[in-house]
Amino acid sequence: MITILYFARLRERLGCHEERLDLPAGVGTITDLLEHLRTRGGLWAEALSEGERIMSAVNQEIAQPRTSIRDGDEVAFFPPVTGG
């Protein structure tokens with residue numbers, strides 16, 4: 001099981017800030033997980049579409065699309081952050 005956290009506009013659009021999910025077969029990277037979540041359709045497909053700029057972290061470390069995920073991991077999705 002993994003924990004998925006959604007922040008900022010993703011949390012607002014999806015109406016969900018956290019969920020626990022049994023790691024589906026064939027899901028081993030951030031890209032795989034996003035593709036799996038998009039299969040929920042509707043708002044999920046829209047908010048997590050490939051055209052949306054979404055950053056991710058695995059176990060509180062910035063992740064890349066090919067970063068591996070394993071059972072027990074915490075995955076966070078959030079929009080890019082700017083400083084000023």
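Residues numbered from 1 in each chain as written. Predicted model: local features only at pLDDT ≥ 70, side-chain atom pairs only at ≥ 80, totals over all residues. Heavy atoms only, no water.

## Some thoughts on the layout of surface pockets
In this approach the atoms are scanned with a rolling probe the size of a water molecule, which exposes any empty space left behind. Note the following rule: Of the grid points, spaced at 1 Å and generated over the protein atoms alone, those admitting a 1.4 Å probe that cannot get out make up cavities, while open sets with protein on both sides within 12 Å along at least five of seven lines make up pockets; any residue with an atom within 4 Å of a point is treated as lining. Grid points are joined across faces, edges and corners, and a volume is the space filled by probe spheres set on the points. Numbering goes from the N terminus for both helices and strands, where a helix is a DSSP run of H or I of at least four residues and a strand is a run of E of at least two. The classification used treats Ala, Val, Leu, Ile, Met, Phe, Trp, Tyr, Cys and Pro as nonpolar, Asp, Glu, Lys and Arg as charged, and all other residues, Gly among them, as polar.
The space that makes up the largest pocket amounts to roughly 310 Å³. As for the largest pocket, its lining consists of 17 residues, of which Ile30, Thr31, Leu34, Ile54 and Pro65 are closest to the centre. Every element with two or more residues in the lining of the largest pocket is listed here: α2 (30-38), β3 (55-58) and β4 (61-63). Looking at the lining of the largest pocket element by element, the count peaks at five residues for α2. A class-by-class count of the residues in the lining of the largest pocket yields nine nonpolar, four polar and four charged.

## Quick word on the environment of Pro79
Note the threshold: A 1.4 Å probe rolled over the protein chains alone gives each residue an accessible area, and that area as a share of the maximum for its type sets the label: buried under 20%, exposed over 50%, partly exposed in between. Whether two residues are in contact is decided by their heavy atoms: any pair within 4.5 Å suffices.
Looking at the secondary structure, you find Pro79 in the segment after β5 (74-78). On the basis of relative accessible area, Pro79 is assigned to the buried category, the value being 13%. When the C-alpha positions of Pro79 and Thr3 are compared, they lie 18 Å apart, and in sequence the two are 76 residues distant. Every residue in contact with Pro79, bar those within four places of it in the chain, is listed here: Phe7, Ala8, Arg9 and Arg53.

## Looking at α2
Let me state the cut-off plainly: This arc is taken over the directions from the axis of the helix to the C-beta atoms.
Taken residue by residue, α2 has Ile30, Leu33, Leu34, Leu37 and Arg38 as its buried positions. The buried residues of α2 occupy one face: seen down the axis, they fall within an arc of 140°. Of the surrounding secondary structure, the elements contacted by the buried residues of α2 are β1 (2-6), β2 (18-21), α3 (42-47), β3, β4 and β5.

## Topic: the nonpolar core
Let me state the cut-off plainly: To qualify as a nonpolar core, a set must consist of buried Ala, Val, Leu, Ile, Met, Phe, Trp, Tyr and Cys residues joined through side-chain atoms within 4.5 Å.
If you look at the biggest cluster of nonpolar residues, it comprises 20 residues, and the most contacted ones within it are Ile4, Tyr6, Ile30, Leu33, Leu37 and Phe77. When residues in this core are grouped by element, the largest group, four residues, is from α2. Setting aside residues up to four positions removed in sequence, Leu37 forms contacts with Ile4, Tyr6, Glu19, Leu21, Trp44, Leu48 and Phe77.

## So, the environment of Arg11
On the secondary structure map, Arg11 appears in helix α1 (residues 8-14). Relative accessible area serves as the criterion here: at 38%, Arg11 is assigned to the partly exposed category. Each C-alpha atom, one on Arg11 and one on Thr29, is 21 Å from the other, the two residues being 18 residues apart in sequence. Excluding anything up to four places from it in sequence, Arg11 contacts Tyr6, Cys16 and His17.

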